[in-house]
Amino acid sequence: MTARKASIAAAFGLAAPDYAAAAVVQREVAGRLARRLLALPLPPAPEVLEIGCGTGFLARAVLAERPVASWLATDIAPAMVAHCRAALGADARLLFACMDGEAPAVGEGRFDLVCSSMAFQWFEDLGGSLARLAGLLRPGGRLAFATLAVDTFREWREAHASLGLAPPMPPYPDAAAMAALWPAGGRGEIAEERIVQHHADARAFLATVRQVGAHTVPGRRPATPGELRRVLRRFGGGGEVAVTWHVVYGLFTREGP
């Protein structure tokens, strides 16, 4: 595991105890992705791999409505896997593993569905990872995910830019750039939406980001205390703030036999 990924895993591991309560948008997106998964023409009892299971939002939403042969829930943070296992309870269909989704340690051609909600934005090589994950599918299998796109936290970014500061967060691609990354051997499609989340003030927004473990962005210089105070004053002026989450839903279908 690279130092960058170790840092991400550590941040989400520390956030695991509070994640389920704080991750309001993540829970909503998982529910929306679950509805998309439930509409797919999968086998009656599919074999499923989940990347970035967190505390179990996506698995719980799907398994409440659809039978599966097995659901392998994985996450790069061991603490997240442990909390997911505890949240989902005993179920013979459920398997758990700590795994880097960019280097899946499972056999190729094994799954009917590979899915992920709000994890791919942390990948270092999204195009290469999509190809590797698509290789895990059986013929006709699906790779479905939700991830973040270019307008995410637009208002927070603009507050930084207006002060001549670089926001301490990664640059997310737009939907067209993601659509260009589909691997060979199948067909992909992209849908997108924007969800607006409201917070009492800028500090409440920042507290939520920290609570879910997303404040650590390796390779990005964090703001100094003085810079952060300036940004917080600029962002919202001390009152309620609205923050955009730009979500992309991707679906790839592997070619059949």
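Look up: the structure comes first, before these words.
Keep in mind it's a predicted model, so treat the numbers as computed, not measured. (Residues numbered from 1 in each chain as written. Predicted model: local features only at pLDDT ≥ 70, side-chain atom pairs only at ≥ 80, totals over all residues. Heavy atoms only, no water.)

**Describing the packing of aromatic side chains**
Filter applied, for reference: Each pair of aromatic rings taken from Phe, Tyr and Trp, with Trp reduced to its six-membered ring, is defined by centres within 6.5 Å and is described as stacked if the planes are under 30 degrees apart, edge-to-face if over 60, and tilted in the remaining cases. Strands here mean DSSP runs of E at least two residues long; helices mean DSSP runs of H or I at least four residues long; both are numbered from the N terminus. Between buried and exposed lies partly exposed: a residue is buried under 20% and exposed over 50% of the maximum accessible area for its type, with that area taken using a 1.4 Å probe on protein chains only.
All told, the structure shown has eleven aromatic pairs when counted by the stated rule. With a centroid separation of 5.3 Å and an interplanar angle of 65 degrees, the aromatic rings of Trp156 and Phe205 are classed as edge-to-face. Of this pair, Trp156 sits in helix 6 (residues 154-162) while Phe205 is found in helix 8 (residues 202-211), placing the two residues 49 residues apart along the sequence. Note on Trp156: relative accessible area 3%, which makes it buried. Consider the rings of Phe205 and Phe235, whose centres lie 5.8 Å apart with planes at 70 degrees: the pair is edge-to-face. In this pair, Phe205 sits in helix 8 while Phe235 sits in the loop between helix 9 (225-234) and strand 7 (241-254), placing the two residues 30 residues apart along the sequence. With respect to burial, Phe205 and Phe235 carry one shared label: buried. Aromatic rings pair up to connect Phe120, Phe123, Phe145, Trp182 and Phe252 into one cluster.

**Concerning the pattern of salt bridges**
To keep things clear, this is the line we draw: Salt bridges are defined as contacts in which a side-chain nitrogen from Lys or Arg sits within 4 Å of a carboxyl oxygen from Asp or Glu.
Applying the stated criterion across every chain, the model contains ten salt bridges. Its salt-bridge partner being Asp100, residue Lys5 comes within 2.7 Å of it at the nearest N-O pair. Linking Lys5 in helix 1 (residues 3-22) with Asp100 in the loop between strand 3 (94-98) and strand 4 (111-117), this pair joins segments that are 95 residues apart in sequence. Here Lys5 ties to Glu102 by a salt bridge, and the two come within 3.2 Å at their closest N and O atoms. Remark: Glu102 occurs in the loop between strand 3 and strand 4 and Lys5 occurs in helix 1; sequence separation between them is 97 residues. Side by side, Lys5 and Glu102 carry an identical accessibility label, which is buried. In the salt-bridge network here, residues are joined through shared partners; they are Lys5, Asp100 and Glu102.

**Re empty space enclosed by the protein**
The cut-off we apply is this: A 1.4 Å probe that fits but cannot get out identifies a cavity on a 1 Å grid over protein atoms alone, an open set with protein on both sides within 12 Å along at least five of seven lines counts as a pocket, and a residue lines either if it has an atom within 4 Å of a point. Grid points are joined across faces, edges and corners, and a volume is the space filled by probe spheres set on the points. Classification convention: Asp, Glu, Lys, Arg as charged; Ala, Val, Leu, Ile, Met, Phe, Trp, Tyr, Cys, Pro as nonpolar; all other residues, Gly among them, as polar.
According to the stated counting rule, one finds three cavities of 30 Å³ or more in the structure shown. Its boundaries defined by the atoms lining it, the largest cavity holds a volume of some 410 Å³. Taken together, 28 residues line the largest cavity, and the ones lying closest to its centre are Gly52, Asp75, Met118, Ala119 and Trp122. Where the lining of the largest cavity is concerned, the elements lending two or more residues are helix 1, helix 2 (24-38), strand 1 (47-51), helix 3 (57-63) and strand 2 (70-75). For the lining of the largest cavity, the element with the most residues is helix 1, which contributes four residues. For the lining of the largest cavity, the per-class residue count stands at 15 nonpolar, eight polar and five charged.

**Brief notes about helix 9**
We apply this condition: The directions from the helix axis to the C-beta atoms are what the arc is built from. Residues count as neighbours in contact if any of their non-hydrogen atoms are within 4.5 Å of one another.
Along helix 9, the residues that are buried comprise Glu227, Val231 and Leu232. Seen along its axis, helix 9 keeps its buried residues to an arc of 135 degrees; they face one direction. Residues of helix 9 that are exposed and point over 90 degrees away from its buried face: Pro225 and Arg233. Buried residues belonging to helix 9 abut helix 6 and helix 8.

**Observations regarding helix 5 (residues 126-134)**
Turning to helix 5, its buried residues number three or more, namely Leu126, Gly128, Ser129, Leu130, Leu133 and Ala134. If you follow the buried residues of helix 5, they end up packed against strand 1, strand 4, strand 5 (137-148), helix 7 (175-179) and strand 7.

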